[in-house]
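Each chain is listed here by its residues.
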Amino acid sequence: MTLAQACPDAQRRPSPDHIVNAPLPQLLAEHEVDVVEIEAAPGFTGGTFQRRDGSLLFVRPAGRPVAEWEITARALLGRALRVALPPLPAPFEVTEVPAPRG
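Residues numbered from 1 in each chain as written. Predicted model: local features only at pLDDT ≥ 70, side-chain atom pairs only at ≥ 80, totals over all residues. Heavy atoms only, no water.

**Student:** I'd like a rundown of the overall build of the chain, residues and numbers included.
**Tutor:** Secondary structure assignment for the chain yields three helices and five strands. Along its sequence from the N terminus, the chain presents helices and strands in the succession β-α-α-β-β-β-α-β. Scored against the burial criterion, the 102 residues of the chain give a buried share of 36%. Residue pairs at least 24 apart in sequence account for 57% of intrachain contacts in the chain once pairs closer than 6 positions are excluded. Accessible surface computed for the chain: about 6000 Å², of which carbon and sulfur atoms make up 57%. (Helix = DSSP H or I, 4+ residues; strand = E, 2+ residues; numbered from the N terminus. Buried < 20%, exposed > 50% of the residue type's maximum accessible area, 1.4 Å probe, protein only. Contact = heavy atoms within 4.5 Å. Areas by Shrake-Rupley, 256 points an atom, 1.4 Å probe, with all protein chains shown as cover.)

**Student:** So what about the pairing of strand S3 (residues 47-50)? Which residues, and what values?
**Tutor:** Taken together, the four bridges between S3 and strand S4 (residues 56-61) define a ladder with antiparallel strand orientation. Considered in S4, the bridge of Gly47 is made with Val59. Here S3 hands over to S4 after five residues, with Gly54 in that stretch at a positive phi of 95°. (Pairing = 2+ DSSP bridges.)

**Student:** Just give me the short version of the side chain of Gln50, but keep the residues and values in it.
**Tutor:** With respect to the helices and strands, the residue Gln50 is situated in strand S3. Reaching out from Gln50, the side chain makes a polar contact with the backbone oxygen of Gly54 at a distance of 3.0 Å. (Polar contact = N/O pair within 3.5 Å; in protein donor to acceptor, adjacent residues only side chain to side chain.)

**Student:** Talk me through helix H3 (residues 66-80); I want residue IDs and the actual numbers.
**Tutor:** Compared with the 21 Å implied by 1.5 Å per residue over 15 residues, the 21 Å span of H3 between its first and last C-alpha is a close match. Buried within H3 are the following residues: Glu68, Trp69, Thr72, Ala73, Arg74, Ala75, Leu76, Leu77, Gly78 and Ala80. Two residues or fewer past H3, Arg82 is found with a positive phi of approximately 60°. (Expected span 1.5 Å × (residues − 1).)

Structure, rendered in structure tokens:
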């Protein structure tokens, strides 16, 4: 997973329990997350980008298992909102890529 540029909005920060247990469509709607599906390399499980207006765009690879997307999307949202979540199961990891300056 790749996370590019994340700045949380403290007023919208959910609890860890809510991120882990809320239905994913509800959770993404609550935080106005747009999701696009793309063809991607086998090792890519998803990513997010925070737009200049603060909104989030999640990238979902096509054809991957639903359970994998559930884990990925929740982890990405937790990281973007700076909510501490339990560690991801192996082999998942979140890599944060700083946004280019300028």
